[in-house]
Amino acid sequence: MIRIGMVVRVIYPDYAKGIEGRIEAQESNGRWLVRLEQNPINHQPESIVLSLEESDFEVIEQ
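Note that this is a predicted model, so its numbers are computed, not measured.

Before we move on, can you summarise the side chain of asparagine 39 with the specific residues and values?
Among the structural elements, asparagine 39 can be located in the loop between strand E3 (32-36) and strand E4 (49-52). Filtering out sequence-adjacent residues up to four positions away, asparagine 39 remains in contact with Gln44, Glu46 and Ile48.

Before we move on, could you go through the sheet that holds E3 and cite the residues and values that matter?
The five strands are arranged E4-E3-E2-E1-E5 in an open sheet whose pairing can be described as antiparallel. The open sheet terminates on both sides in strands that have one partner only, identified here as E4 and strand E5 (57-61). On average, each strand axis in the sheet is inclined to that of its neighbour by 45°, with strand direction left out of account.

If you had to explain the side chain of aspartate 56 to someone new, which residues and values would you point to?
With respect to the helices and strands, the residue aspartate 56 is situated in the loop between E4 and E5. Although aspartate 56 is buried, it forms no salt bridge, and the closest oppositely charged side chain is arginine 31 at an N-O distance of 4.6 Å.

So what's going on with the pattern of salt bridges? Residues and values would help.
If you walk through the whole model with that rule in mind, you get four salt bridges. Between arginine 9 and glutamate 58 there is a salt bridge; the shortest N-O distance is 3.3 Å. With a gap of 49 residues between them, arginine 9 in strand E1 (residues 7-10) and glutamate 58 in strand E5 connect regions that are remote in the sequence. Take arginine 9: its relative accessible area is 28%, and that puts it in the partly exposed class. The exposure class assigned to glutamate 58 is partly exposed, which follows from its relative accessible area of 36%. We note a salt bridge from glutamate 24 to arginine 35, for which the minimum N-O separation is 3.4 Å. Residue glutamate 24 is located in strand E2 (residues 20-26), and its partner arginine 35 is located in strand E3; the two are separated by 11 residues in the primary sequence.

Outline the environment of isoleucine 2, supporting the account with residue identities and numerical values.
Within the secondary structure, isoleucine 2 is located in the segment before E1. For the pair isoleucine 2 and glutamate 54, spaced 52 residues apart in sequence, the C-alpha separation works out to 8.7 Å. Contacts of isoleucine 2, omitting those with residues within four sequence positions, involve Ile23, Trp32, Glu54, Phe57 and Val59.

Just give me the short version of the nonpolar core, but keep the residues and values in it.
Ile2, Ile23, Val34, Leu36, Leu52 and Phe57 are the most contacted members of the largest nonpolar core, which has 14 residues in total. Of all the secondary structure elements, the ones that give two or more residues to this core are E1, E3 and E4. The element best represented in this core is E3, accounting for three residues. Leaving out residues up to four positions away in the same chain, isoleucine 23 has contacts with Ile2, Arg3, Ile4, Gly5, Met6, Val8, Trp32, Leu33, Val34 and Phe57.

Conventions adopted
Residues numbered from 1 in each chain as written. Predicted model: local features only at pLDDT ≥ 70, side-chain atom pairs only at ≥ 80, totals over all residues. Heavy atoms only, no water. Helix = DSSP H or I, 4+ residues; strand = E, 2+ residues; numbered from the N terminus. Contact = heavy atoms within 4.5 Å. Pairing = 2+ DSSP bridges. Axes fitted to C-alpha atoms, helices over the stretch in contact; angles between N-to-C directions. Buried < 20%, exposed > 50% of the residue type's maximum accessible area, 1.4 Å probe, protein only. Lys, Arg positive; Asp, Glu negative; His and termini not counted. Salt bridge = Lys/Arg side-chain N within 4 Å of Asp/Glu carboxyl O. Core = buried A, V, L, I, M, F, W, Y, C linked by side-chain atoms within 4.5 Å.

Below, the structure written as structure tokens:
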């Protein structure tokens, strides 16, 4: 069971694959908002939030 605060590793999309993040919330459509620990787009210190399906990430820490 996925809960807010869990640490996950992104599987998809490819540009964020392997980056760890933390579950922030569940959207009304069932997708999960994941705040990444690294910004894969421009490597700036600003964090980025992805909207992911459960199959797009794996839980690595509960």
